[in-house]
Amino acid sequence: MRSYGQYCSIARALDVVGDRWTLLIARELLLQGSCRFTDLKNGLPGIATNLLSNRLKELEEAGLVTREDAPPPVATVLYSLSDSGRALEPVLQALGLFGLRFMAEERADDAFQARWLAYAPEWFVTDADPDGPPAVIQLAAGGELAVIELRDGEAHSRLGRADDPDLVLEGPPRAVLGLVNGLIDLQRAERIGLTATGQRDLLARLRPAAREAVPAR
């Protein structure tokens, strides 16, 4: 097993999760829950089948991933995070918040999936008006759909389409996520392709953690 050979908790953690793709595998298992190998691979565009198999085996040996044979009609192996694996959630949140500062530009060959659109507000946004009425914001970016539900001072997010949203934010991922995460303001977002339809005042209720961690542009 590759090791940094250091008696340091950071080095020991990187011995286990520092290889390429490993933390993204944890991200997908955290977002998808128990899933099949094919579902996991579909959530990791660009990973080779044999590399995913090797990484899953390593994570299982390290006690971060479990596997079980699902009964019919599924009748296949399901992979899940163990309790130790789920303990990576705050690590991934911290990495995600740190990484927002590097998302000012989209690259033409970057993949984008709805799950990634949904987890960003769930992890990085709160409701600035806890006494305000419940509100629903529809996000549409790169052909993917997600919903933010504001209530009781929190922002909850999910995949899919809202029946009757109070506000719709549609445009390229850079514009939608940039606005929601506090990296850019509404005027900047509109200049790069965002369309905001409905109750624009709801944007004032979005309190992104990025405003504290990353200077807005």
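Quick note: structure is the one above.
1. Digging into the pattern of salt bridges
Oppositely charged side chains can pair when the atoms bearing their charge come close.
In step 1: Overall, the coordinates contain 11 salt bridges when judged by the stated rule.
In step 2: As a salt-bridge pair, Glu105 and Arg174 come within 3.6 Å of each other at their nearest N and O atoms. Taken together, the residues span a long stretch of sequence, with Glu105 in the loop between helix 6 (89-99) and helix 7 (114-124) and Arg174 in helix 8 (residues 173-180) at a distance of 69 residues.
In step 3: Accessibility expressed as a relative area gives 21% for Arg174, which makes it partly exposed.

2. Thoughts on the packing of helix 2 (residues 22-32) against helix 7
In step 1: With their axes 11 Å apart at the nearest point, helix 2 and helix 7 run at an angle of 80° to one another. With respect to helix 7, the element helix 2 is oriented roughly perpendicular. Across the interface between the two elements, Arg27, Glu28, Leu30, Leu31 and Gln32 from helix 2 touch Arg115, Trp116, Tyr119 and Trp123 from helix 7.
In step 2: Tallied by class, the residues present in the contact of helix 2 with helix 7 amount to five nonpolar, one polar and three charged.

3. Looking at a nonpolar patch on the surface
In step 1: Together, Tyr4, Ile10 and Leu14 make up an exposed nonpolar region whose accessible area comes to about 330 Å².
In step 2: Relative to the assigned elements, Tyr4 resides in the segment before helix 1 (9-17).
In step 3: A residue is classified by how much of its surface remains accessible, and Tyr4, at 52% relative accessible area, is exposed.

4. A short note on the environment of Asp185
In step 1: The topology assignment puts Asp185 in the loop between helix 8 and helix 9 (186-191).
In step 2: Residue class for Asp185 comes out partly exposed when judged on its relative accessible area of 40%.
In step 3: Separated by 3.4 Å, the side chain of Asp185 and the backbone nitrogen of Gln187 make a polar contact.

5. Looking at the packing of aromatic side chains
In step 1: Counted according to the given criterion, the structure contains four aromatic pairs.
In step 2: Ring plane angle 70° and centroid distance 5.5 Å describe the contact between Phe98 and Phe102, whose orientation is recorded as edge-to-face.
In step 3: With a centroid separation of 6.3 Å and 75° between ring planes, the pair formed by Trp123 and Phe124 is classed as edge-to-face. The two residues Trp123 and Phe124 agree in class, both being buried.
In step 4: Following the ring pairs from residue to residue traces out a cluster consisting of Tyr119, Trp123 and Phe124.

6. Here's the deal with the layout of surface pockets
Any empty space left between atoms is shown by rolling a water-sized probe over those atoms.
In step 1: Taken as a whole, the largest pocket spans an internal volume of roughly 1,200 Å³.
In step 2: Along the wall of the largest pocket there are 34 residues; nearest its centre are Leu24, Arg27, Met103, Arg107 and Tyr119.
In step 3: Listing elements by their share of the lining of the largest pocket, those giving two or more residues are helix 2, helix 6, helix 7 and helix 8.
In step 4: Its residues assigned to classes, the lining of the largest pocket shows 22 nonpolar, five polar and seven charged.

Conventions used here
- Residues numbered from 1 in each chain as written.
- Predicted model: local features only at pLDDT ≥ 70, side-chain atom pairs only at ≥ 80, totals over all residues.
- Heavy atoms only, no water.
- Salt bridge = Lys/Arg side-chain N within 4 Å of Asp/Glu carboxyl O.
- Helix = DSSP H or I, 4+ residues; strand = E, 2+ residues; numbered from the N terminus.
- Buried < 20%, exposed > 50% of the residue type's maximum accessible area, 1.4 Å probe, protein only.
- Axes fitted to C-alpha atoms, helices over the stretch in contact; angles between N-to-C directions.
- Parallel < 35°, antiparallel > 145°, perpendicular 65-115°, else oblique.
- Contact = heavy atoms within 4.5 Å.
- Nonpolar A, V, L, I, M, F, W, Y, C, P; charged D, E, K, R; others polar.
- Patch = residues over 30% accessible without salt bridge, like charges linked within 9 Å, V, L, I, M, F, W, Y side chains within 5 Å.
- Areas by Shrake-Rupley, 256 points an atom, 1.4 Å probe, with all protein chains shown as cover.
- Polar contact = N/O pair within 3.5 Å; in protein donor to acceptor, adjacent residues only side chain to side chain.
- Phe/Tyr/Trp six-rings, centres within 6.5 Å; stacked < 30°, edge-to-face > 60°.
- 1 Å grid on protein atoms, 1.4 Å probe; cavity = no way out; pocket = protein on both sides within 12 Å on 5 of 7 lines; lining within 4 Å.
- Points joined across faces, edges and corners; volume = space filled by probe spheres on them.

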